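# Examining the three-dimensional arrangement
Below, each chain spelled out in residue letters.
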Amino acid sequence: MPELPEVEVVRRGLDSWVAGRTVSTVEVLHPRAIRRFLPGESEFSARLAGVTLGAPQRRGKYLWLPYGDGAVLAHLGMSGQLLVGEAAAPQQKHLRVRFTFTDTGTPDGTDLRFVDQRTFGHLMVCPLVPDPSCGPHPVPDVIAHIAPDPFEDAFDDEAFFKAMKRKQTGVKRALLDQSLISGVGNIYADEALWLAKLHGERLTSTLTRPKTAELLASVREVMGAALEAGGTSFDSLYVNVNGESGYFERSLNAYGRRDEPCARCGSPIRREVFMNRSSYSCPKCQPRPRGAARAS
């Protein structure tokens, strides 16, 4: 599933193509793509016709296109793609929603397409509300409960440390908790923990303030590097708005590297089962806490 760097790559791409354009029509080609917008397809299209979109915004794994006091909210799911291209281009096999603009019919006109092979992603229209975390911009009401991501000015490092100290849970589980920190998924949690030399089952309550600061620095370093590489693409389902893949997969140190030598100490990377998925870590650099499950 796309995590913060991948969604930010898409947001940056949309910024130069979509901001300031006025929607002409919205065609919903698959109802599942807007399944969380309960009023349905006709109302979805009607609400957006004639609105002028502002600069795309993002929080964690969500991005939205604001207009007035509302927004088009997108979650890409496992395979969702927001693609900008020539309006006359053939429709993609898994095209779910198509936006045209008032200038789409001009020689240089383009459209915006939501393509989603597995249909786990979705779009919805929702109102904007003041940001509960005191960020400078309003946020869609349906995601107002999630925490700021670590690149936002609204993210409070000290509040994060205190919240971690109050919890009795594993540090990886906490990194995936979107009410504590948004945008971190399985891949970048493993990479940040490797960089910080922490095992994912280490209890959050045992982390010192300096170690928590080191962990946050690792999260920012890993995701910042992934952003510069255009994100992580394991297959063709994650691409930017121009249909191009990212290359951070080539720089991963832990995730997906089972039995490969650790880049730091040479020990074989281990795989462990975690919440019905996989965790990857170095047995020497990231010692397993007592009582934690053995590697599978």
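Our subject in this report is the structure included herewith. (Residues numbered from 1 in each chain as written. Predicted model: local features only at pLDDT ≥ 70, side-chain atom pairs only at ≥ 80, totals over all residues. Heavy atoms only, no water.)

### Comments concerning the sheet that holds strand S5 (residues 80-86)
Read across the sheet, four strands follow the order S1-S6-S7-S5 without closing on themselves; strand pairing throughout is antiparallel. Bordering the open sheet on either side are strand S1 (23-28) and S5, each of which pairs with just one other strand. Strand-to-strand twist across the sheet, computed as the mean angle between neighbouring axes with direction ignored, equals 20 degrees. Bridge count for strand S6 (residues 95-101) against strand S7 (residues 110-116) is four bridges, and the pairing is antiparallel. Opposite phenylalanine 99, over in S7, you have leucine 112 as the bridge partner. Helix H1 (residues 4-18) rests against S5, S6 and S7 of the sheet, and its axis sits at about 30 degrees to S5. (Pairing = 2+ DSSP bridges. Helix = DSSP H or I, 4+ residues; strand = E, 2+ residues; numbered from the N terminus. Axes fitted to C-alpha atoms, helices over the stretch in contact; angles between N-to-C directions. Contact = heavy atoms within 4.5 Å.)

### Here's the deal with empty space enclosed by the protein
Applying the stated criterion across every chain yields a total of one cavity of 30 Å³ or more. Taken as a whole, the largest cavity encloses approximately 40 Å³ of empty space. Forming the boundary of the largest cavity are Leu63, Leu65, Val72, Leu73, Ala74, Leu82, Phe99, Leu112 and Leu123. Ranked by residues supplied to the lining of the largest cavity, first place goes to strand S4 (residues 70-75) with three residues. Residues that form the lining of the largest cavity fall into these classes: nine nonpolar, no polar and no charged. (1 Å grid on protein atoms, 1.4 Å probe; cavity = no way out; pocket = protein on both sides within 12 Å on 5 of 7 lines; lining within 4 Å. Points joined across faces, edges and corners; volume = space filled by probe spheres on them. Nonpolar A, V, L, I, M, F, W, Y, C, P; charged D, E, K, R; others polar.)

### Some points on the side chain of aspartate 131
With respect to the element layout, aspartate 131 can be found in the loop between strand S8 (122-129) and strand S9 (139-140). The buried category is assigned to aspartate 131, whose relative accessible area is 10%. A distance of 3.3 Å separates a polar atom in the side chain of aspartate 131 from the backbone nitrogen of glycine 135. Residues contacting aspartate 131, with those up to four places away along its chain left out, are Arg59, His137, Pro138 and Val139. (Buried < 20%, exposed > 50% of the residue type's maximum accessible area, 1.4 Å probe, protein only. Polar contact = N/O pair within 3.5 Å; in protein donor to acceptor, adjacent residues only side chain to side chain.)

### Section: the packing of aromatic side chains
This model, assessed by the stated rule, comprises three aromatic pairs. Each ring, one from phenylalanine 37 and one from phenylalanine 44, has its centre 5.6 Å from the other, and the planes form 70 degrees; the classification is edge-to-face. Each member of the pair, phenylalanine 37 as well as phenylalanine 44, carries the same accessibility label: buried. For the pair tyrosine 255 and tyrosine 280, a centre-to-centre distance of 5.3 Å together with 75 degrees between the ring planes defines the contact as edge-to-face. With tyrosine 255 in the loop between helix H6 (209-228) and strand S10 (270-274) and tyrosine 280 in strand S11 (residues 277-281), the pair connects residues that are 25 residues apart, well separated along the chain. Judged by its relative accessible area of 12%, tyrosine 280 falls in the buried class. Between the NZ or CZ atom of arginine 264 and the centre of the ring of tryptophan 194, over which it lies, the distance is 3.9 Å. (Phe/Tyr/Trp six-rings, centres within 6.5 Å; stacked < 30°, edge-to-face > 60°. Lys NZ or Arg CZ within 6 Å of the ring centre and 35° of its normal.)

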